[in-house]
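Examination of the molecular architecture
Here is how the chains run, residue by residue.
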Amino acid sequence: MKDPSSRKGILAVLAMLLAGALTVSAHVGSPDVYCEGDAGPYHLFVTVRIPQVIPGIAEIQIRSASNDVQRIEIVPMRLSGAGSNLPPTPDVAEQSKQDPQFFTGSLWLMEDGALKVRVSVDGAKGKGELSVPVAAFARQTLKMDKPLGGLLTFLMLFLALGLVFIAGAAVREGNLRPGEAPAPGRARRARIAMAITAVIVFAILYLGGAWWNSEARNYDREVTFFKPPAVETTLENGNRLILRAKGQDPRWSRYMKMKEVIPDHNHLMHLFLLRTPGLQEMWHLHPDRTADGAFAEDLPTMPAGSYQVFADIVDKNGFPWTLVGTLELPQIQGKALAGDDSSWSGGAVNASAEESTVSQLADGGRMVWQRPSVPLRGNTPMNFKFNVEDKDGRPATNMEPYMGMAGHAEFVSTDLAVFAHVHPAGSVSMAALELARTAQAGASGELQVGAPMAMPMATSNAPLPAEVSFPYGFPRPGEYRIFVQVKRAGQVETGVFDAHVQ
Ligand SMILES: [Cu+2]
(Lines give C-alpha, C1' and ligand atoms only; values in the text may rest on other atoms or scores of the structure.)
Protein backbone atom coordinates (compact mmCIF):
# COMPACT_ATOMS: atom_id res chain seq x y z
CA MET A 1 0.00 0.00 0.00
CA LYS A 2 3.00 2.31 0.17
CA ASP A 3 3.17 2.67 -3.58
CA PRO A 4 0.93 5.46 -4.83
CA SER A 5 0.98 4.13 -8.35
CA SER A 6 -2.28 5.62 -9.60
CA ARG A 7 -2.32 9.02 -11.24
CA LYS A 8 -4.74 10.19 -8.62
CA GLY A 9 -2.29 9.03 -6.00
CA ILE A 10 0.57 10.99 -7.48
CA LEU A 11 -1.64 14.05 -7.81
CA ALA A 12 -2.75 13.76 -4.23
CA VAL A 13 0.78 13.32 -3.00
CA LEU A 14 1.84 16.37 -4.98
CA ALA A 15 -1.10 18.31 -3.66
CA MET A 16 -0.15 17.34 -0.13
CA LEU A 17 3.52 18.13 -0.58
CA LEU A 18 2.65 21.46 -2.10
CA ALA A 19 0.11 22.42 0.48
CA GLY A 20 0.90 24.91 3.15
CA ALA A 21 -0.66 24.59 6.56
CA LEU A 22 -3.46 22.04 6.62
CA THR A 23 -6.71 23.59 7.68
CA VAL A 24 -9.73 21.59 8.70
CA SER A 25 -12.84 22.70 6.92
CA ALA A 26 -16.03 23.04 8.86
CA HIS A 27 -17.62 19.66 8.76
CA VAL A 28 -20.58 17.99 10.38
CA GLY A 29 -19.55 15.04 12.40
CA SER A 30 -15.93 14.52 12.99
CA PRO A 31 -13.92 12.51 10.49
CA ASP A 32 -11.42 10.85 12.82
CA VAL A 33 -12.28 7.41 14.10
CA TYR A 34 -12.07 6.44 17.76
CA CYS A 35 -12.67 2.80 18.52
CA GLU A 36 -12.31 0.69 21.61
CA GLY A 37 -12.50 -3.07 21.42
CA ASP A 38 -10.90 -6.44 21.89
CA ALA A 39 -8.43 -8.07 19.52
CA GLY A 40 -8.77 -11.54 20.97
CA PRO A 41 -7.31 -11.33 24.49
CA TYR A 42 -6.02 -7.77 24.07
CA HIS A 43 -8.07 -4.68 24.80
CA LEU A 44 -7.23 -1.82 22.43
CA PHE A 45 -8.04 1.85 21.98
CA VAL A 46 -7.54 2.69 18.32
CA THR A 47 -7.49 6.17 16.78
CA VAL A 48 -7.50 6.60 13.00
CA ARG A 49 -6.82 10.11 11.75
CA ILE A 50 -8.43 10.42 8.35
CA PRO A 51 -6.36 12.39 5.81
CA GLN A 52 -7.68 15.59 4.23
CA VAL A 53 -7.32 14.09 0.78
CA ILE A 54 -7.91 10.60 -0.61
CA PRO A 55 -5.62 8.94 -1.59
CA GLY A 56 -3.82 10.08 1.49
CA ILE A 57 -2.07 8.87 4.59
CA ALA A 58 -4.09 7.93 7.65
CA GLU A 59 -2.29 8.08 10.98
CA ILE A 60 -3.04 5.18 13.29
CA GLN A 61 -2.51 5.22 17.06
CA ILE A 62 -3.12 2.12 19.13
CA ARG A 63 -3.01 1.88 22.89
CA SER A 64 -3.10 -1.55 24.46
CA ALA A 65 -4.64 -1.90 27.90
CA SER A 66 -2.09 -4.57 28.81
CA ASN A 67 1.68 -4.74 28.49
CA ASP A 68 1.88 -8.17 26.84
CA VAL A 69 1.55 -7.04 23.22
CA GLN A 70 4.69 -7.68 21.17
CA ARG A 71 3.73 -6.85 17.63
CA ILE A 72 0.84 -5.12 15.85
CA GLU A 73 0.19 -5.23 12.12
CA ILE A 74 -2.23 -2.85 10.43
CA VAL A 75 -3.78 -2.96 6.98
CA PRO A 76 -6.64 -1.06 5.28
CA MET A 77 -9.29 -3.04 3.40
CA ARG A 78 -12.79 -2.57 2.06
CA LEU A 79 -15.34 -2.93 4.83
CA SER A 80 -17.51 -5.44 2.99
CA GLY A 81 -17.87 -7.10 -0.38
CA ALA A 82 -15.03 -7.89 -2.77
CA GLY A 83 -11.68 -7.05 -1.26
CA SER A 84 -12.82 -7.27 2.35
CA ASN A 85 -11.14 -10.69 2.67
CA LEU A 86 -8.12 -10.06 0.46
CA PRO A 87 -5.78 -7.84 2.44
CA PRO A 88 -2.65 -6.35 0.91
CA THR A 89 0.60 -6.86 2.81
CA PRO A 90 0.15 -5.36 6.28
CA ASP A 91 2.42 -2.71 7.77
CA VAL A 92 4.02 -3.19 11.15
CA ALA A 93 3.01 -0.53 13.67
CA GLU A 94 5.90 1.00 15.54
CA GLN A 95 6.10 0.38 19.27
CA SER A 96 6.95 3.44 21.32
CA LYS A 97 10.27 3.17 23.17
CA GLN A 98 9.09 5.23 26.15
CA ASP A 99 5.63 3.71 26.31
CA PRO A 100 5.63 0.07 25.12
CA GLN A 101 1.82 -0.13 25.24
CA PHE A 102 1.55 2.56 22.56
CA PHE A 103 1.87 1.80 18.84
CA THR A 104 1.72 4.10 15.83
CA GLY A 105 1.64 3.64 12.09
CA SER A 106 0.70 5.30 8.81
CA LEU A 107 -1.45 3.74 6.13
CA TRP A 108 -2.24 4.80 2.61
CA LEU A 109 -5.99 5.04 2.07
CA MET A 110 -6.23 4.67 -1.69
CA GLU A 111 -9.98 4.94 -2.13
CA ASP A 112 -12.91 6.60 -0.47
CA GLY A 113 -15.97 4.90 0.95
CA ALA A 114 -16.52 2.36 3.70
CA LEU A 115 -13.16 0.87 4.63
CA LYS A 116 -11.75 -0.81 7.68
CA VAL A 117 -8.36 -0.99 9.29
CA ARG A 118 -7.58 -4.53 10.35
CA VAL A 119 -5.43 -4.60 13.47
CA SER A 120 -3.62 -7.91 14.06
CA VAL A 121 -2.00 -8.36 17.44
CA ASP A 122 0.61 -10.87 18.52
CA GLY A 123 1.76 -11.19 22.10
CA ALA A 124 2.17 -13.31 25.18
CA LYS A 125 -1.47 -14.47 25.05
CA GLY A 126 -1.37 -15.50 21.39
CA LYS A 127 -2.91 -13.76 18.40
CA GLY A 128 -5.95 -11.55 18.11
CA GLU A 129 -7.63 -9.34 15.56
CA LEU A 130 -9.82 -6.24 15.57
CA SER A 131 -11.38 -4.56 12.55
CA VAL A 132 -12.02 -0.84 12.86
CA PRO A 133 -14.50 0.58 10.34
CA VAL A 134 -13.28 3.76 8.69
CA ALA A 135 -15.38 6.13 6.60
CA ALA A 136 -12.81 7.50 4.18
CA PHE A 137 -13.59 10.59 2.16
CA ALA A 138 -11.75 13.59 0.81
CA ARG A 139 -12.66 16.81 2.54
CA GLN A 140 -11.06 19.42 0.37
CA THR A 141 -8.80 20.24 -2.50
CA LEU A 142 -5.60 21.59 -1.13
CA LYS A 143 -4.48 24.86 -2.65
CA MET A 144 -0.96 25.43 -3.89
CA ASP A 145 1.22 27.99 -2.16
CA LYS A 146 1.59 31.18 -4.26
CA PRO A 147 5.43 31.38 -4.01
CA LEU A 148 5.75 27.68 -4.79
CA GLY A 149 3.38 28.07 -7.75
CA GLY A 150 5.55 30.95 -9.02
CA LEU A 151 8.71 28.91 -8.65
CA LEU A 152 7.19 25.92 -10.48
CA THR A 153 5.90 28.17 -13.29
CA PHE A 154 9.37 29.65 -13.67
CA LEU A 155 10.96 26.18 -13.75
CA MET A 156 8.41 24.99 -16.29
CA LEU A 157 9.11 27.93 -18.62
CA PHE A 158 12.85 27.43 -18.14
CA LEU A 159 12.60 23.75 -19.09
CA ALA A 160 10.25 24.42 -22.02
CA LEU A 161 12.45 27.16 -23.49
CA GLY A 162 15.54 25.09 -22.76
CA LEU A 163 14.08 22.22 -24.77
CA VAL A 164 13.41 24.51 -27.73
CA PHE A 165 16.94 25.95 -27.69
CA ILE A 166 18.52 22.54 -27.24
CA ALA A 167 16.64 21.28 -30.33
CA GLY A 168 17.87 24.30 -32.31
CA ALA A 169 21.45 23.92 -31.14
CA ALA A 170 21.44 20.19 -31.89
CA VAL A 171 20.42 20.75 -35.52
CA ARG A 172 22.73 23.74 -36.02
CA GLU A 173 25.90 22.52 -34.34
CA GLY A 174 25.32 18.88 -33.46
CA ASN A 175 27.88 17.37 -35.83
CA LEU A 176 30.39 20.17 -36.28
CA ARG A 177 34.01 19.70 -35.47
CA PRO A 178 35.40 21.93 -32.71
CA GLY A 179 35.99 25.44 -34.04
CA GLU A 180 34.02 24.88 -37.26
CA ALA A 181 31.30 27.49 -38.09
CA PRO A 182 27.80 26.23 -39.08
CA ALA A 183 26.75 26.60 -42.71
CA PRO A 184 23.92 29.17 -43.38
CA GLY A 185 21.50 26.37 -44.40
CA ARG A 186 21.88 24.80 -40.99
CA ALA A 187 20.78 27.96 -39.23
CA ARG A 188 17.55 27.91 -41.22
CA ARG A 189 16.99 24.20 -40.47
CA ALA A 190 17.68 24.97 -36.82
CA ARG A 191 14.96 27.62 -36.76
CA ILE A 192 12.49 25.15 -38.28
CA ALA A 193 13.47 22.55 -35.68
CA MET A 194 12.93 25.10 -32.91
CA ALA A 195 9.49 26.04 -34.26
CA ILE A 196 8.44 22.37 -34.42
CA THR A 197 9.79 21.71 -30.92
CA ALA A 198 7.96 24.76 -29.58
CA VAL A 199 4.68 23.47 -31.03
CA ILE A 200 5.25 20.03 -29.51
CA VAL A 201 6.20 21.47 -26.11
CA PHE A 202 3.18 23.75 -26.14
CA ALA A 203 0.89 20.84 -27.06
CA ILE A 204 2.32 18.74 -24.21
CA LEU A 205 1.81 21.57 -21.72
CA TYR A 206 -1.72 22.19 -22.99
CA LEU A 207 -2.74 18.54 -22.80
CA GLY A 208 -1.10 18.19 -19.40
CA GLY A 209 -3.03 21.20 -18.15
CA ALA A 210 -6.30 19.82 -19.52
CA TRP A 211 -5.64 16.47 -17.85
CA TRP A 212 -4.79 18.13 -14.55
CA ASN A 213 -7.92 20.29 -14.68
CA SER A 214 -10.18 17.34 -15.44
CA GLU A 215 -8.64 15.37 -12.55
CA ALA A 216 -9.14 18.38 -10.30
CA ARG A 217 -12.79 18.69 -11.38
CA ASN A 218 -13.42 14.99 -10.68
CA TYR A 219 -11.75 15.38 -7.34
CA ASP A 220 -13.88 18.41 -6.46
CA ARG A 221 -16.98 16.39 -7.31
CA GLU A 222 -15.81 13.65 -4.94
CA VAL A 223 -15.38 16.22 -2.19
CA THR A 224 -18.90 17.54 -2.85
CA PHE A 225 -20.31 14.01 -3.01
CA PHE A 226 -19.21 13.30 0.54
CA LYS A 227 -20.44 16.57 2.03
CA PRO A 228 -23.29 15.99 4.48
CA PRO A 229 -26.52 15.60 2.51
CA ALA A 230 -29.33 18.02 3.18
CA VAL A 231 -32.54 16.88 4.79
CA GLU A 232 -35.71 18.44 3.45
CA THR A 233 -38.62 18.35 5.84
CA THR A 234 -42.36 18.82 5.50
CA LEU A 235 -45.03 18.67 8.16
CA GLU A 236 -48.27 16.82 7.37
CA ASN A 237 -51.45 16.39 9.40
CA GLY A 238 -50.24 18.57 12.23
CA ASN A 239 -47.47 16.36 13.56
CA ARG A 240 -46.25 13.99 10.85
CA LEU A 241 -42.73 15.02 9.89
CA ILE A 242 -41.54 13.78 6.47
CA LEU A 243 -37.79 13.76 5.86
CA ARG A 244 -36.14 13.49 2.47
CA ALA A 245 -32.41 13.31 1.84
CA LYS A 246 -30.79 15.36 -0.90
CA GLY A 247 -27.10 14.92 -1.66
CA GLN A 248 -24.86 17.90 -2.38
CA ASP A 249 -23.87 16.23 -5.66
CA PRO A 250 -26.56 14.98 -8.09
CA ARG A 251 -24.87 11.57 -8.27
CA TRP A 252 -25.52 11.04 -4.56
CA SER A 253 -29.23 10.34 -5.02
CA ARG A 254 -28.44 7.77 -7.69
CA TYR A 255 -25.88 6.06 -5.45
CA MET A 256 -27.90 6.27 -2.26
CA LYS A 257 -31.05 4.20 -2.41
CA MET A 258 -33.10 4.72 0.74
CA LYS A 259 -34.51 1.22 0.38
CA GLU A 260 -30.96 -0.09 0.85
CA VAL A 261 -30.26 1.77 4.08
CA ILE A 262 -29.27 -0.75 6.76
CA PRO A 263 -30.35 -0.67 10.39
CA ASP A 264 -27.92 0.78 12.91
CA HIS A 265 -28.58 -0.32 16.48
CA ASN A 266 -32.15 -1.42 15.79
CA HIS A 267 -33.22 1.56 13.68
CA LEU A 268 -32.86 2.68 10.08
CA MET A 269 -32.62 6.30 11.12
CA HIS A 270 -31.63 8.07 14.31
CA LEU A 271 -33.13 11.54 14.22
CA PHE A 272 -31.93 14.29 16.53
CA LEU A 273 -33.89 17.52 16.83
CA LEU A 274 -32.03 20.19 18.77
CA ARG A 275 -33.72 23.40 19.81
CA THR A 276 -31.71 26.41 18.61
CA PRO A 277 -30.11 28.53 19.70
CA GLY A 278 -29.05 27.27 23.08
CA LEU A 279 -29.57 23.52 22.57
CA GLN A 280 -31.86 23.61 25.60
CA GLU A 281 -34.05 20.82 24.25
CA MET A 282 -33.25 17.61 22.44
CA TRP A 283 -35.29 14.84 20.88
CA HIS A 284 -33.82 11.50 19.82
CA LEU A 285 -36.40 9.83 17.56
CA HIS A 286 -36.51 6.94 15.11
CA PRO A 287 -38.49 7.63 11.95
CA ASP A 288 -39.76 4.81 9.76
CA ARG A 289 -39.03 4.45 6.09
CA THR A 290 -41.89 5.15 3.74
CA ALA A 291 -42.58 3.29 0.49
CA ASP A 292 -41.40 6.20 -1.64
CA GLY A 293 -37.93 6.51 -0.16
CA ALA A 294 -38.60 9.11 2.53
CA PHE A 295 -38.64 8.81 6.30
CA ALA A 296 -41.58 9.75 8.50
CA GLU A 297 -42.03 10.38 12.19
CA ASP A 298 -45.13 11.22 14.17
CA LEU A 299 -43.71 13.97 16.32
CA PRO A 300 -44.36 14.07 20.05
CA THR A 301 -45.61 17.22 21.72
CA MET A 302 -43.00 19.91 21.07
CA PRO A 303 -42.85 23.66 21.55
CA ALA A 304 -42.87 26.00 18.58
CA GLY A 305 -39.41 27.14 17.57
CA SER A 306 -36.31 26.59 15.49
CA TYR A 307 -34.64 23.22 15.43
CA GLN A 308 -31.44 21.83 14.05
CA VAL A 309 -31.87 18.43 12.40
CA PHE A 310 -29.22 15.70 12.37
CA ALA A 311 -30.33 12.36 10.97
CA ASP A 312 -27.98 9.38 10.95
CA ILE A 313 -28.34 6.64 8.36
CA VAL A 314 -25.95 3.92 7.16
CA ASP A 315 -25.80 2.89 3.50
CA LYS A 316 -25.59 -0.69 2.26
CA ASN A 317 -21.79 -0.60 2.21
CA GLY A 318 -21.63 0.45 5.85
CA PHE A 319 -20.84 4.11 5.14
CA PRO A 320 -22.45 6.41 7.72
CA TRP A 321 -24.18 9.57 6.52
CA THR A 322 -25.51 12.39 8.67
CA LEU A 323 -28.27 14.38 7.00
CA VAL A 324 -28.32 17.99 8.10
CA GLY A 325 -31.01 20.63 8.02
CA THR A 326 -33.02 23.16 9.97
CA LEU A 327 -36.67 23.09 10.85
CA GLU A 328 -39.24 25.67 12.01
CA LEU A 329 -42.03 24.06 13.95
CA PRO A 330 -45.33 25.41 15.21
CA GLN A 331 -46.49 24.15 18.58
CA ILE A 332 -46.96 20.39 18.05
CA GLN A 333 -49.66 18.43 19.80
CA GLY A 334 -48.37 14.94 19.41
CA LYS A 335 -48.19 11.47 20.82
CA ALA A 336 -46.36 10.51 23.97
CA LEU A 337 -42.81 9.24 23.58
CA ALA A 338 -42.63 5.48 23.26
CA GLY A 339 -40.15 2.72 22.58
CA ASP A 340 -36.58 3.94 22.08
CA ASP A 341 -37.62 7.57 21.55
CA SER A 342 -36.39 9.99 24.16
CA SER A 343 -36.16 13.69 24.90
CA TRP A 344 -34.44 16.09 27.23
CA SER A 345 -35.04 19.69 28.18
CA GLY A 346 -33.08 21.96 30.47
CA GLY A 347 -30.91 25.04 30.43
CA ALA A 348 -29.27 26.61 27.41
CA VAL A 349 -25.59 26.06 26.72
CA ASN A 350 -23.48 27.87 29.24
CA ALA A 351 -20.18 28.62 27.59
CA SER A 352 -18.56 29.58 30.85
CA ALA A 353 -19.48 26.28 32.50
CA GLU A 354 -15.86 25.26 32.82
CA GLU A 355 -16.81 22.92 35.60
CA SER A 356 -19.85 21.25 34.10
CA THR A 357 -19.39 17.84 35.68
CA VAL A 358 -22.73 16.99 37.27
CA SER A 359 -26.05 16.65 35.48
CA GLN A 360 -29.32 16.18 37.30
CA LEU A 361 -31.39 13.33 35.85
CA ALA A 362 -35.15 13.37 35.46
CA ASP A 363 -35.58 10.44 37.88
CA GLY A 364 -33.92 12.31 40.75
CA GLY A 365 -30.55 10.67 40.28
CA ARG A 366 -27.58 12.33 38.70
CA MET A 367 -24.82 11.71 36.21
CA VAL A 368 -21.24 12.66 36.98
CA TRP A 369 -18.58 13.21 34.36
CA GLN A 370 -15.14 12.08 35.49
CA ARG A 371 -13.75 15.10 33.79
CA PRO A 372 -9.97 15.33 33.51
CA SER A 373 -8.45 18.06 35.65
CA VAL A 374 -6.45 19.42 32.73
CA PRO A 375 -8.12 21.68 30.11
CA LEU A 376 -9.88 19.83 27.30
CA ARG A 377 -8.04 19.93 24.01
CA GLY A 378 -9.14 19.40 20.44
CA ASN A 379 -7.84 16.45 18.44
CA THR A 380 -6.90 14.49 21.54
CA PRO A 381 -8.22 10.95 22.03
CA MET A 382 -9.99 10.69 25.38
CA ASN A 383 -12.13 8.33 27.33
CA PHE A 384 -15.30 10.12 28.43
CA LYS A 385 -16.41 8.37 31.61
CA PHE A 386 -19.75 9.02 33.28
CA ASN A 387 -21.09 7.62 36.54
CA VAL A 388 -24.80 7.22 37.08
CA GLU A 389 -26.01 7.66 40.66
CA ASP A 390 -29.39 7.12 42.25
CA LYS A 391 -31.06 9.89 44.21
CA ASP A 392 -29.12 8.96 47.34
CA GLY A 393 -25.79 9.32 45.56
CA ARG A 394 -25.06 5.60 45.34
CA PRO A 395 -24.03 3.94 42.05
CA ALA A 396 -27.18 3.13 40.08
CA THR A 397 -28.08 -0.54 40.27
CA ASN A 398 -30.82 -0.64 37.65
CA MET A 399 -28.93 0.21 34.47
CA GLU A 400 -30.24 -1.46 31.33
CA PRO A 401 -29.09 -1.54 27.74
CA TYR A 402 -30.56 1.28 25.65
CA MET A 403 -30.89 0.10 22.06
CA GLY A 404 -28.53 -2.74 22.84
CA MET A 405 -25.79 -0.63 24.41
CA ALA A 406 -24.73 0.70 27.78
CA GLY A 407 -25.05 4.25 26.53
CA HIS A 408 -25.24 6.68 23.65
CA ALA A 409 -23.50 10.02 23.57
CA GLU A 410 -23.99 12.93 21.21
CA PHE A 411 -21.25 15.54 20.93
CA VAL A 412 -22.52 18.77 19.36
CA SER A 413 -20.57 21.97 18.87
CA THR A 414 -22.64 25.04 19.68
CA ASP A 415 -22.01 26.42 16.18
CA LEU A 416 -23.64 23.16 14.98
CA ALA A 417 -20.67 22.43 12.72
CA VAL A 418 -19.77 19.27 14.62
CA PHE A 419 -22.12 16.44 15.44
CA ALA A 420 -21.00 12.97 16.47
CA HIS A 421 -23.10 10.10 17.76
CA VAL A 422 -20.76 7.95 19.83
CA HIS A 423 -21.06 4.62 21.66
CA PRO A 424 -18.96 2.73 24.19
CA ALA A 425 -17.24 1.09 21.21
CA GLY A 426 -16.40 4.48 19.74
CA SER A 427 -17.33 6.87 16.98
CA VAL A 428 -17.82 4.15 14.36
CA SER A 429 -21.36 3.22 13.39
CA MET A 430 -22.56 0.04 15.04
CA ALA A 431 -23.83 -1.21 11.68
CA ALA A 432 -20.34 -0.81 10.19
CA LEU A 433 -18.82 -2.52 13.20
CA GLU A 434 -21.19 -5.42 12.67
CA LEU A 435 -20.23 -5.63 8.97
CA ALA A 436 -16.53 -5.53 9.88
CA ARG A 437 -17.03 -8.20 12.51
CA THR A 438 -18.86 -10.62 10.22
CA ALA A 439 -16.31 -10.20 7.46
CA GLN A 440 -13.59 -10.76 10.04
CA ALA A 441 -15.20 -13.85 11.51
CA GLY A 442 -15.53 -15.30 8.02
CA ALA A 443 -11.93 -14.56 7.13
CA SER A 444 -9.82 -15.25 10.12
CA GLY A 445 -10.16 -19.01 10.46
CA GLU A 446 -8.85 -20.25 13.76
CA LEU A 447 -7.73 -16.84 14.97
CA GLN A 448 -9.21 -15.73 18.23
CA VAL A 449 -11.74 -13.17 17.21
CA GLY A 450 -12.87 -10.67 19.78
CA ALA A 451 -16.23 -9.01 19.51
CA PRO A 452 -15.89 -5.27 19.78
CA MET A 453 -16.99 -3.97 23.13
CA ALA A 454 -20.58 -3.09 23.67
CA MET A 455 -22.05 -5.10 20.86
CA PRO A 456 -25.73 -5.66 21.50
CA MET A 457 -26.05 -7.15 24.93
CA ALA A 458 -29.80 -7.04 25.23
CA THR A 459 -29.79 -10.79 25.70
CA SER A 460 -28.05 -10.49 29.05
CA ASN A 461 -30.27 -9.98 32.05
CA ALA A 462 -27.54 -8.89 34.44
CA PRO A 463 -27.70 -5.19 35.29
CA LEU A 464 -25.08 -3.05 33.63
CA PRO A 465 -22.38 -1.22 35.57
CA ALA A 466 -23.19 2.29 36.76
CA GLU A 467 -20.35 3.68 34.66
CA VAL A 468 -20.42 4.27 30.91
CA SER A 469 -17.48 5.38 28.86
CA PHE A 470 -17.05 6.65 25.32
CA PRO A 471 -13.78 6.84 23.38
CA TYR A 472 -13.77 10.06 21.40
CA GLY A 473 -11.86 13.25 20.71
CA PHE A 474 -13.23 16.72 20.04
CA PRO A 475 -12.28 17.43 16.42
CA ARG A 476 -11.33 21.05 17.11
CA PRO A 477 -11.47 23.77 19.74
CA GLY A 478 -14.82 25.36 20.51
CA GLU A 479 -17.88 25.12 22.74
CA TYR A 480 -19.60 21.76 22.87
CA ARG A 481 -22.63 20.23 24.49
CA ILE A 482 -22.52 16.52 25.29
CA PHE A 483 -25.74 14.53 25.66
CA VAL A 484 -25.24 11.19 27.42
CA GLN A 485 -28.16 8.78 27.27
CA VAL A 486 -28.56 5.67 29.40
CA LYS A 487 -31.54 3.57 30.43
CA ARG A 488 -32.61 2.89 34.00
CA ALA A 489 -35.61 0.79 34.95
CA GLY A 490 -37.20 1.12 31.53
CA GLN A 491 -36.67 4.88 31.40
CA VAL A 492 -34.16 6.73 29.22
CA GLU A 493 -32.17 9.25 31.23
CA THR A 494 -30.15 12.01 29.61
CA GLY A 495 -27.21 13.73 31.25
CA VAL A 496 -26.02 16.97 29.65
CA PHE A 497 -22.59 18.56 29.95
CA ASP A 498 -21.03 21.65 28.44
CA ALA A 499 -17.40 21.71 27.48
CA HIS A 500 -15.03 24.44 26.46
CA VAL A 501 -12.33 22.90 24.28
CA GLN A 502 -8.99 24.63 23.65
CU1 LIG B 1 -26.73 5.44 19.51
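Read on for an overview of the structure.

**A few points about unusual backbone geometry**
Omega for the peptide link from Ile54 to Pro55 comes to 0°, which places this bond in the cis form. Looking at the element boundaries, Pro55 is found in the loop between strand S2 (42–49) and strand S3 (56–64). Backbone torsion omega between Thr276 and Pro277 reads -15°, so that peptide bond is classified as cis. With respect to the helices, strands and loops of the structure, Pro277 is situated in the loop between strand S12 (270–276) and strand S13 (281–285). If you check the backbone angles, Asn379 has positive phi at about 65° while not being a glycine. Note that Asn379 resides in the loop between strand S20 (366–369) and strand S21 (382–389). Classification of Asn379 by C-beta neighbours within 10 Å gives partly exposed; the count is 15. For Ala489, which is not glycine, the phi dihedral falls at a positive 45°. Among the secondary structure elements, Ala489 is positioned in the loop between strand S26 (478–488) and strand S27 (491–501).

**Examining helix H2 (residues 146–173)**
Compared with an ideal rise of 1.5 Å per residue, which puts 28 residues at 40 Å, H2 spans 40 Å between its outermost C-alpha atoms and is within 8% of the ideal. Within the sequence span of H2, burial applies to Val164, Ala167, Gly168 and Val171. Against the buried residues of H2 lie helix H3 (184–225).

**What about the pairing of strand S8 (residues 113–123)?**
Summarising burial for S8: 8 of the 11 residues are buried, a large majority. Relative to S8, strand S4 (residues 69–78) is paired through 9 bridges, and the arrangement is antiparallel. Residue pairing in the sheet places Met77 in a bridge with Lys116 of S8. In this structure, S8 lies alongside strand S9 (residues 126–136), joined through 11 bridges in antiparallel fashion. Residue pairing in the sheet places Ala114 in a bridge with Ala135 of S9. The turn linking S8 back onto S9 is made up of 2 residues.

**Considerations on the environment of Phe310**
Inspection of the secondary structure puts Phe310 in strand S16 (residues 305–314). Here the alpha-carbon distance between Phe310 and Ala420, two residues 110 residues apart in the chain, equals 9.6 Å. In contact with Phe310, other than residues within four places in its own chain, are Phe272, Thr322, Val324 and Phe419.

**Remarks on the sheet that holds strand S7 (residues 102–109)**
Spatially, 5 strands are ordered S1-S2-S3-S7-S6 in an open sheet, and the strand pairing comes out antiparallel. At either end of the open sheet lies a strand with only one pairing partner, and these are strand S1 (33–39) and strand S6 (94–95). Alignment of S2 against S3, held across 6 bridges, turns out to be antiparallel. Within the sheet, the bridge partner assigned to Leu44 lies in S3 and is Ser64.

Calculation rules
Here the residue index of a chain counts from 1 through its sequence in written order. Only residues with pLDDT of at least 70 are given local features in this predicted model, and only at 80 or more are side-chain atom pairs given and counted; all residues enter the totals for whole chains, interfaces and linings. Numbered from the N terminus, helices here are DSSP runs of H or I no shorter than four residues, and strands are runs of E no shorter than two. For every residue, the other C-beta atoms within 10 Å of its own C-beta are counted; 20 or more classify it as buried, 12 or fewer as exposed, and values in between as partly exposed. C-beta atoms are placed from the backbone. Expected span, for any helix, means 1.5 Å times one less than how many residues it has. The contact criterion used is a C-beta to C-beta distance within 7 Å, with each C-beta placed from the backbone. Strand pairing follows a simple DSSP-based rule, namely that at least 2 bridges must link the two strands.

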